[in-house]
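# Examination of the molecular architecture
Below, each chain spelled out in residue letters.
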Amino acid sequence: MPFDKDEVLPSQQAQFDALEPTRLKELDHAIAKWKGKPTALLQVMHVAQEAFTWLPEGALERISRGLDLPRAQVYGFATFYDHFYTDGPARNTLRVCQSISCHLRGAQELIAAATKQLGVTPGQITKDGRVRFECVSCLGQCDGGPAVSVNDEPQHAVTPEQLNQLISRLK
Ligand code: FES
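Residues numbered from 1 in each chain as written. Predicted model: local features only at pLDDT ≥ 70, side-chain atom pairs only at ≥ 80, totals over all residues.

## Overview of the overall build of the chain
Spelled out, the test is: Helix and strand definitions here come from DSSP, where helices need a minimum of 4 consecutive H or I residues and strands a minimum of 2 consecutive E residues; each element is numbered from the N-terminal end. To sort residues by exposure, count the other C-beta atoms lying within 10 Å of each residue's C-beta; 20 or more gives buried, 12 or fewer gives exposed, and values between give partly exposed, all with C-beta atoms placed from the backbone.
Counting its secondary structure elements, the chain contains eight helices and five strands. Going from N to C terminus, the chain has its helices and strands arranged as α-α-α-α-α-β-α-α-β-β-β-β-α. Of all 171 residues assigned to the chain, the portion counted as buried reaches 27%.

In structure tokens form, the structure reads like this:
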């Protein structure tokens, strides 16, 4: 455990305490593994997001302290990369590709169908935390568009009806 509670301000401690202990353990393990290697910041942030499904402030604070990196750098990475989320949590992530190949094959219909069914626009999380919905540039499935991914599982040649079914199955 790389943190001494006495070193931490009460407000920061409250953020750490709000994190789920088992998931926190995964993050602490990654921090301990890569301590002293500031270039491992992205790997540690991936572990944190994998554990929490997003990057809560307490986790970012912990990464900053654990890797001995300026808070601004850690927060900067978290907000710069599209793949990291500083809002959450969300139990599922739905991504719809909106790049040209998928666009020409009906991505806009999928986006409209998901927007209607979920009641949120791309970039938002449903009020119940069930689904994070976002549009992305490419899912690496360009010859099988329109493509979506559900919790990183790619789906090809998806119709609006199929997408509605996929969304309905998300808990
Ligand atoms: S253009 Fe849609 S997956 Fe690449």
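Having seen the model, we can carry on.
## Focus: unusual backbone geometry
With an omega of 0°, the peptide bond between Gly-88 and Pro-89 qualifies as cis. Among the structural elements, Pro-89 can be located in the loop between helix H5 (71–80) and strand S1 (92–97). Residues Gly-145 and Pro-146 are joined by a peptide bond in cis, for which omega reads 0°. Positive phi, close to 60°, is recorded for Asp-68, a residue that is not glycine. Here Asp-68 is to be found in the loop between helix H4 (57–66) and H5. Within the chain, Ala-157 stands out as a residue other than glycine whose phi angle is a positive 45°. Looking at the secondary structure, you find Ala-157 in the loop between strand S5 (153–155) and helix H8 (160–168).

## Concerning the nonpolar core
What counts is decided by this rule: Any set of buried Ala, Val, Leu, Ile, Met, Phe, Trp, Tyr and Cys residues joined through C-beta atoms within 7 Å is what this text calls a nonpolar core. C-beta atoms are placed from the backbone for every residue, and two residues are taken to be in contact when these atoms lie within 7 Å.
In this structure, Leu-94, Val-96, Cys-97, Leu-110, Ala-114, Val-148 and Leu-163 are the most contacted members of the largest nonpolar core, which totals 20 residues. Elements with a minimum of two residues in this core: S1, helix H7 (107–118), strand S3 (131–136) and H8. For this core, the leading source of residues is H7, giving six residues. Among all residues touching Leu-163, those that are not within four sequence positions of it are Leu-110, Ala-113, Ala-114, Val-148 and Val-158. If you look at the next biggest cluster of nonpolar residues, it comprises 18 residues, including Val-44, Ala-48, Ala-51 and Ile-63.

## Comments concerning helix H2 (residues 21–34)
The line we're drawing: The span you would expect from a helix comes to 1.5 Å times its residue count less one. Taking the helix axis as origin, the arc is that swept by the directions to the C-beta atoms.
The end-to-end C-alpha separation of H2 is 20 Å, in line with the 20 Å expected for 14 residues at 1.5 Å each. Those residues of H2 not exposed but buried are Leu-24, Leu-27, Ala-30 and Ile-31. Buried positions in H2, seen along its axis, are confined to an arc of 120° and lie on one side of it. In this structure, H2 carries Pro-21, Thr-22, His-29, Ala-32 and Lys-33 as exposed residues pointing more than 90 degrees from its buried face.

Any link to function would need more than the numbers given here.
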